[in-house]
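One letter stands for each residue in the lines below.
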Amino acid sequence: MQLLLRWLLTAVALGITAWIVPGITVEGQTGIFAVLVMAVVFGFVNAFIRPLLKLLSCPLIILTLGLFILVVNAISFLLSSWIAQNVFGARFIVEGFWPAFWGAIVVSIVSFLLSLLLPDKD
């Protein structure tokens, strides 16, 4: 149940991000489908690919005192959008690096704020 709630929170955060950030659009009649698919893909990319990106870019992360993680987040967001479009046919479109950069920041902030609404397991 907790996993389903997290997935829905991520989908809501992605929907809000598509509404706020210019350069991120959801197209087609099945906009809700696109956001839900993007939430699943985004979760898998964050779970499996993002740690590898962080490991490979560890020297840059150290050199920039952690600021390069924002670039890694943007790359993860762009990759998630690409996978959602080309593999699953979801029309969640991110039109470049800067929309992905700001979109990743907005998704992080909105997800954090929405997670405060969830009750703790303990």
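Rules behind the numbers
- Residue numbering note: each chain is counted from 1, following its sequence as written.
- Totals for whole chains, interfaces and linings use all residues, but because this is a predicted model, local features are given only for residues with pLDDT of at least 70 and pairs of side-chain atoms are given and counted only at 80 or more.
- The side-chain numbers reported here are obtained from all heavy atoms of the structure, hydrogens and water having been left aside.
- Counting from the N terminus, the helices are DSSP H or I runs at least four residues long and the strands are E runs at least two residues long.
- Two things to know: the radius of gyration comes from C-alpha atoms, and the globule rule equals 2.2 Å times the number of residues to the power 0.38.
- Remark: exposure states derive from per-residue accessible area (1.4 Å probe, protein chains only) relative to the maximum for the residue type, with buried under 20%, exposed over 50%, and partly exposed in between.
- A contact between two residues is defined here by any heavy atoms of the two lying within 4.5 Å.
- Only four residue types enter the charge count: Lys and Arg as positive, Asp and Glu as negative, with His and the chain ends excluded.
- A charge is said to be at NZ when it belongs to Lys, at CZ for Arg, at CG for Asp and at CD for Glu.
- Here a salt bridge means any side-chain nitrogen of Lys or Arg lying within 4 Å of a carboxyl oxygen belonging to Asp or Glu.
- Here a cavity denotes grid points, spaced 1 Å and computed from the protein atoms alone, that fit a 1.4 Å probe unable to get out, and a pocket denotes an open set having protein on both sides within 12 Å along at least 5 of 7 lines; residues with an atom within 4 Å of a point are the lining.
- Grid points are joined across faces, edges and corners, and a volume is the space filled by probe spheres set on the points.
- Amino acids outside the nonpolar list (Ala, Val, Leu, Ile, Met, Phe, Trp, Tyr, Cys, Pro) and the charged list (Asp, Glu, Lys, Arg) are all regarded as polar, and Gly is one of them.
- Interaxial angle, 0 to 180 degrees, is taken between N-to-C directions of lines fitted to C-alpha atoms, where a helix line uses only the stretch in contact.
- Left-handed describes a crossing whose near helix is turned anticlockwise from the far helix by less than a right angle; the clockwise case is right-handed.

Novice: Can you walk me through the overall build of the chain in this structure?
Specialist: Scanning the chain from terminus to terminus reveals 5 helices and 2 strands. Listing the helices and strands of the chain from first to last along the sequence gives α-β-α-α-α-β-α. The C-alpha atoms of the chain give a radius of gyration of 14 Å, which matches the 14 Å a tight globule of 122 residues would have. Over its C-alpha atoms, taken along the principal directions, the chain stretches across nearly 45 × 40 × 25 Å. Counting all 122 residues of the chain, 37% fall into the buried class. At a minimum sequence separation of 6, the contacts of the chain that also span at least 24 residues come to 71%. Treating the 5 positive side-chain charges of the chain as one cloud and the 4 negative ones as another, the clouds have centres 7 Å apart.

Novice: What should I look at first to understand the pattern of salt bridges in this one?
Specialist: Any two side chains of opposite charge can pair, given that their charged atoms come close. One pass over the structure, following the stated rule, counts 1 salt bridge. Here Glu27 and Arg91 are joined by a salt bridge, their closest N and O atoms 2.9 Å apart. With Glu27 in the loop between β1 (24–26) and α2 (31–56) and Arg91 in the loop between α4 (68–86) and β2 (92–94), this pair connects stretches of sequence that are 64 residues apart. Look at Arg91 and you get partly exposed, because its relative accessible area is 38%.

Novice: What exactly am I supposed to notice about unusual backbone geometry here?
Specialist: With the exception of glycine, most residues fall at negative phi, and the peptide bonds are largely trans. In this model, Leu65 sits at a positive phi of 60°, which is unusual for a non-glycine residue. Tracing the sequence through the fold places Leu65 in the loop between α3 (58–63) and α4. Among the residues examined, Leu65 registers a relative accessible area of 80% and is labelled exposed.

Novice: Is there a simple way to explain the layout of surface pockets in this structure?
Specialist: Vacant regions in the atomic arrangement are exposed by a probe of water-molecule size rolled over the atoms. Counted as a void, the largest pocket has a volume near 300 Å³. Considering the residues around the largest pocket, the lining is formed by 14 residues, among which Leu3, Arg6, Trp7, Thr10 and Gly43 are closest to the centre. At the level of elements, α1 (2–20), α2 and α5 (97–115) are the ones that each hand at least two residues to the lining of the largest pocket. Tallying contributions element by element places α2 first for the lining of the largest pocket, with 7 residues. Residues belonging to the lining of the largest pocket are distributed by class as follows: 8 nonpolar, 5 polar and 1 charged.

Novice: Sorry, what's going on with the packing of α1 against α2 here?
Specialist: To characterise two packed helices, one gives the angle between the axes of the helices and the distance between these axes. Contact pair α1 / α2: the axes reach a minimum separation of 8 Å and the direction vectors enclose 115°. Between α1 and α2 the crossing geometry is right-handed. Two secondary-structure elements touch here, α1 through Trp7, Leu8, Thr10, Ala11, Leu14 and Gly15 and α2 through Val35, Leu36, Met38, Ala39, Val40 and Phe42. Residues belonging to the contact of α1 with α2 are distributed by class as follows: 10 nonpolar, 2 polar and no charged.

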